[in-house]
Number of protein chains: 2
Amino acid sequence: MQSLLDLCRRIDAGDLTPQAALRMSHEAIAASDEDIRAFVHVDATARAGAVGPLRGIAVGVKDIIDTADMPTEMGSPIYAGWRPKADAPIVRALTRAGATPVGKTATTPFAYIDPAPTRNPRHPGHTPGGSSSGSAAAVAAGMTPLAIGTQTGGSVIRPASFCGVAAIKPSFRLLPTVGVKCFSWTLDTAGLFAATVPDLAYALAALTGRDDLRTASRPPAPRIGLVTQDFAGPPDPDGGEALESAIRSAERSGATVRALALPAVIASAFSAHGPLQDFEARQALAWEYETHRDLLPPLLQRLLDEASTIDALAYDEARRAARGARNALGDVFAEVDVLLTFSAPGAAPATLASTGDSRFNRLWTLLGVPCVNVPGLANGAGLPVGVQVIAAFGRDAKALAAASFLAEAIAAPL
Amino acid sequence: MQSLLDLCRRIDAGDLTPQAALRMSHEAIAASDEDIRAFVHVDATARAGAVGPLRGIAVGVKDIIDTADMPTEMGSPIYAGWRPKADAPIVRALTRAGATPVGKTATTPFAYIDPAPTRNPRHPGHTPGGSSSGSAAAVAAGMTPLAIGTQTGGSVIRPASFCGVAAIKPSFRLLPTVGVKCFSWTLDTAGLFAATVPDLAYALAALTGRDDLRTASRPPAPRIGLVTQDFAGPPDPDGGEALESAIRSAERSGATVRALALPAVIASAFSAHGPLQDFEARQALAWEYETHRDLLPPLLQRLLDEASTIDALAYDEARRAARGARNALGDVFAEVDVLLTFSAPGAAPATLASTGDSRFNRLWTLLGVPCVNVPGLANGAGLPVGVQVIAAFGRDAKALAAASFLAEAIAAPL
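Residues numbered from 1 in each chain as written. Chains lettered and ligands numbered in written order. Predicted model: local features only at pLDDT ≥ 70, side-chain atom pairs only at ≥ 80, totals over all residues.

Participant: Give a detailed account of the overall build of chain A, specifying residues and quantitative values.
Facilitator: Summing up its helical and strand segments, chain A has 14 helices and 11 strands in all. Its C-alpha atoms give chain A principal-axis dimensions of roughly 60 × 55 × 40 Å. Expressed as a percentage of the 414 residues in chain A, the buried residues total 63%. Taking as baseline every contact in chain A between residues at least 6 positions apart, the subset at least 24 positions apart corresponds to 77%. (Helix = DSSP H or I, 4+ residues; strand = E, 2+ residues; numbered from the N terminus. Buried ≥ 20, exposed ≤ 12 C-beta atoms within 10 Å, placed from the backbone. Contact = placed C-beta atoms within 7 Å.)

Okay, here's the thing in structure tokens:
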């Protein structure tokens, strides 16, 4: 993989020009993407910015995010060749920071669960996860040091775990979702993929102007609350082993880890995600559903068919459950800095017909809290299995610092 | 004005065909709009729906709302001739209910405060208000029985007050804002204009599938809390007189009215609206600002220039203030059903160079609570002056019922 911070340091030191850094990404895309299929469009003419903390950094942008200079096709034939008028604000934030969007990354259709054509760079027969399939794969395959994705259920953290890269789903709306195709306005959250947690922190600080997000070179040992999310069912054996291994590494490096039982009001909000998402998706995709239903892929078609049965009262009830859980979550963080849990049930399933399961991600998307996938662990077959670090709303810096600590702990020699 | 409910009753009874009802709107537009300039685009070929509670109802749609079959120009030359790919969900909700979007209504550029070309149908030298200038004027001039607008500061309630029509800014996101050009994602709220409060209630119920929103034919007398918003400065004399008159009418009809002092945490949130809106607008309009600044109108240009000085910490502080005020508002509604306050400082100013002042609207937009403009009162010169009824979040039915009661009380003979 390309490390964003490593590239930035070499550019800052004058050892690498921004344009040369960008060229490395173009060459990597040319070498790898025929197999991986992370990109649905590449702008081979894209040039590096001359100034800004991210100058020379090539970025893959999920293809549900509007770009004025590249097509935006939503993973759907309905939008074949579609050119939005304006760049989404997050795209402008990239270019303001000096970064260069070099292409649009493959998304599942409308960011739901019907698979995209992307292969997992760690093993071509396994799913890269979804819906930000191309963004995770582009970083994992070393094609770009940074990629933008979105998460409504588990579409950032899950593919990052499956592909073995770092990723953050920040606090709700820390990154703007204007100009991002909507699936659920209460849930849709933009996020970042990079090789390492410090890479993520540096990029997120550059995009938001929040310097406190950058991680220290030696992050302090966090107080960790372990959450197994029993309401979501058990993990796969390798998912459980990865979490155990992460705990041992964290403790060995000085962190405290204690098991936490989430209050019932939080656990029960898990089941609010579905009706909330589906009621909004039915509205958000009304034009597509009502005028082009036959061009929608089968799983999305079925979801929208069934969503018509959710009435407004059930939706209101789901919103109230989410609100109650958000309020209750403050107490959970009274005695721990972060939570630690599964990023996904286990390693990427050995199929391209499914994008995997978001059940360990959905509650946290609903709660709007920052989640980081920490890479570095693998199962017996050598496939990556991530673990997830979660902080309170608005405490993205804490999530990144703890995730950085954990990544170092995992990488430390025994 | 055309009463939506009156048209619907005649259509239901078979006395009027949906197509004949629609033709009345087309004829009214042809007769009046050259002077009023409420519409920037009219689809003269639009046909009535055959089924649905709003069949035969012509609707003006604010031109920041995406339509697949009509241009969407944002009131700006930057978007001249622009055709979005998809209808915004609110447009699909209209057509699902049988209504017919017959044209796009004039908006101030990007829904900020630089005026649109629209005239006030009550007096051509006075502003119709903004930013939903055309939507308010289209209903006021009897061109359509229903129009859609949006409010980020006071862009629904203020023009309704100036033009003498009923309007509702519902609870935040009761109507979806997907496909609506974003100015501030925390504040932008879609709303409705119609001739009467029961018209609004019927239309909002039809668009949302929430039958409880329809008002009873004899709404019960509400307990009213009077709020003068001293933190926003004094009203004009005619604004004060209208509120006094509304109070007397309400009491005469059996309502109780008591003066309420808002808790300090709510009053102080008034000043959070500005930094919150401006910080988000700078991001939401980043592409327009960075690539077409010279084509932005002067007031918007200046706002976005100055918004660059708002840092993330000031924004976070404004969000916290808004959240604190939203939580505190529950107690205010413990002993009253609704609040009553000014819709605007007074009647429409005698100018076309300003859209008037949103200072009595901004706090309620920030709080996300339903607000209804009640028409029926006028100043000494015969210009309309509305009053504003406000309910707790999600209590749109209560706001509409109380507003309907008040409108009847105002119209009742002494």
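Participant: Account for the confidence of the model for chain A, naming residues and giving values.
Facilitator: Across chain A, pLDDT averages 97, with 100% of residues at or above 70. Interface confidence in the predicted complex, given as ipTM, is 0.97; pTM for the same model is 0.98. (pLDDT = per-residue confidence, 0-100.)

Participant: Hey, could you go over the sheet that holds strand S11 (residues 387-390) of chain A for me, with residue numbers and the actual values?
Facilitator: All names here are of chain A. Spatial strand order, S1-S3-S2-S4-S6-S5-S10-S11-S9-S7-S8: 11 strands in an open sheet with mixed pairing. A strand with exactly one partner marks an edge of an open sheet, and here the two such strands are strand S1 (39-42) and strand S8 (256-259). Each neighbouring strand pair of the sheet contributes to a mean axis angle of 25 degrees, computed without reference to strand direction. When strand S7 (residues 223-226) meets strand S9 (residues 338-342), the two strands line up parallel, connected through three bridges. Within S9, the position partnered with Leu-226 by the bridge is Leu-340. Against the sheet, helix H14 (residues 396-411) engages strand S5 (166-169), S9, strand S10 (371-374) and S11, with an angle of about 10 degrees to S10. (Pairing = 2+ DSSP bridges. Axes fitted to C-alpha atoms, helices over the stretch in contact; angles between N-to-C directions.)

Participant: Report on the environment of Ala-407 of chain B, specifying residues and quantitative values.
Facilitator: All names here are of chain B. With respect to the helices, strands and loops of the structure, Ala-407 is situated in helix H14 (residues 396-411). Once the C-alpha coordinates of Ala-407 and Pro-170 are considered, the two residues, 237 residues apart in sequence, prove to be 18 Å apart. Ignoring sequence-local partners within four residues, the contact set of Ala-407 consists of Thr-196, Val-197, Val-374 and Gly-376.

Participant: Got a sec to walk through the packing of helix H9 (residues 273-284) of chain A against helix H11 (residues 298-307) of chain A? Specific residues and values, please.
Facilitator: All names here are of chain A. The interhelical angle for the contact between H9 and H11, taken along N-to-C directions, is 100 degrees, at an axis separation of 9 Å. Compared by their axis directions, H9 and H11 come out roughly perpendicular. Side by side, H9 and H11 meet where Asp-278, Phe-279, Ala-281 and Arg-282 of the first sit next to Leu-303, Leu-304 and Ala-307 of the second. Taken together, the residues of the contact of H9 with H11 break down into five nonpolar, no polar and two charged. (Parallel < 35°, antiparallel > 145°, perpendicular 65-115°, else oblique. Nonpolar A, V, L, I, M, F, W, Y, C, P; charged D, E, K, R; others polar.)

Participant: Run through the pairing of strand S4 (residues 146-151) of chain A, naming residues and quoting values.
Facilitator: Residues and elements named next belong to chain A. Among the six residues of S4, six are classified as buried, and the element is accordingly described as predominantly covered. Of the two faces of S4, the one lined by Leu-146, Ile-148 and Thr-150 and the one lined by Ala-147, Gly-149 and Gln-151 are each fully buried. Of the strand pairs in this sheet, S4 and strand S6 (residues 189-194) are connected by six bridges, and their pairing is antiparallel. Its bridge partner being in S6, Gln-151 is matched across the sheet by Thr-189.

Participant: Go over the sheet that holds strand S3 (residues 100-105) of chain B with me, naming the residues and quoting the values.
Facilitator: Two modes of strand pairing occur in sheets, parallel and antiparallel, and in both the strands are linked by backbone hydrogen bonds. All names here are of chain B. The strand order across the open sheet formed by 11 strands is S1-S3-S2-S4-S6-S5-S10-S11-S9-S7-S8, and the pairing between neighbours is mixed. Pairing within the sheet leaves two strands with one partner each, and these edge strands are strand S1 (39-42) and strand S8 (256-259). For this sheet, the mean angle separating the axes of adjacent strands, direction not counted, is 25 degrees. Sheet contacts for helix H4 (residues 133-140): S1, strand S2 (58-62), S3, strand S4 (146-151) and strand S6 (189-194); angle to S4, the most-contacted strand, approximately 150 degrees.

Participant: Residues and numbers for helix H6 (residues 197-208) of chain A, please.
Facilitator: Residue and element names in this part refer to chain A. If you check H6, its first and last C-alpha atoms are 16 Å apart, about what 12 residues at 1.5 Å a residue would give, namely 16 Å. Among the 12 residues of H6, 11 are classified as buried, and the element is accordingly described as predominantly covered. Listed as buried for H6 are Val-197, Pro-198, Asp-199, Leu-200, Ala-201, Tyr-202, Ala-203, Leu-204, Ala-205, Ala-206 and Leu-207. In the segment just after H6, Gly-209 is the residue with positive phi, at about 70 degrees. (Expected span 1.5 Å × (residues − 1).)

Participant: Describe the domain arrangement of chain A, and please don't skip the residues or the numbers.
Facilitator: Residue and element names in this part refer to chain A. We note that the domain assignment places domain 1 (4-213) and domain 2 (223-268 + 318-411) within chain A. Every contact between the two is made by 44 residues of domain 1 and, on the other side, 38 residues of domain 2. Elements with a minimum of two residues in the side of domain 1 that touches domain 2: helix H5 (157-163), S5 and H6. Per element, the largest residue contribution to the side of domain 1 that touches domain 2 is six residues, and it comes from H5. (Domains from an automatic or database assignment.)

Participant: Residues and numbers for the interface of chain A and chain B, please.
Facilitator: Contacts between the two partners involve 23 residues from chain A, matched on the other side by 23 residues from chain B. Those elements that provide at least two residues to the side of chain A that touches chain B are helix H3 (89-96), H9 and helix H10 (286-292) of chain A. With four residues, H10 of chain A is the largest single contributor of residues to the side of chain A that touches chain B. In terms of residue class, the side of chain A that touches chain B is made up of 13 nonpolar, three polar and seven charged.

Participant: Talk me through the relation of the copies chain A and chain B; I want residue IDs and the actual numbers.
Facilitator: Aligned on chain B, chain A shows an RMSD of 0.0 Å; the corresponding rotation is 180 degrees and the shift along the axis is 0.0 Å. Seen this way, the second copy is the image of the first under a two-fold rotation axis. Measuring from the rotation axis to each C-alpha of chain A, the shortest distance belongs to Pro-84 of chain A, at 3.9 Å. Interface residue correspondence from chain A to chain B reaches 100%, placing this contact among same-surface, isologous pairings. (Least-squares fit on C-alpha atoms with pLDDT ≥ 70 in both.)

Participant: Tell me about the nonpolar core, residues and numbers included.
Facilitator: Proteins that are soluble and globular tend to have nonpolar side chains buried together. By size, the foremost hydrophobic cluster in this structure holds 288 residues, and its most contacted members are Val-165 of chain A together with Val-165 of chain B. Residue contributions to this core reach at least three from each of two domains, namely domain 1 (4-213) and domain 2 (223-268 + 318-411) of chain A. What Val-165 of chain A contacts, discounting residues up to four positions off in sequence, is Met-1, Ala-136, Val-139, Ala-140, Ala-160, Phe-193, Ala-194, Ala-195 and Pro-375 of chain A. (Core = buried A, V, L, I, M, F, W, Y, C linked by C-beta atoms within 7 Å.)

Participant: So what's going on with unusual backbone geometry? Which residues, and what values?
Facilitator: With an omega of 0 degrees, the peptide bond running from Gly-130 of chain A to Ser-131 of chain A counts as cis. Non-glycine residue Phe-110 of chain A carries a positive phi angle of around 55 degrees. Following the sequence through the fold, Phe-110 of chain A ends up in the loop between strand S3 (100-105) and helix H4 (133-140). Even without a glycine there, the phi angle at Ala-111 of chain B is positive, about 65 degrees. Tracing the chain through its elements places Ala-111 of chain B in the loop between S3 and H4.

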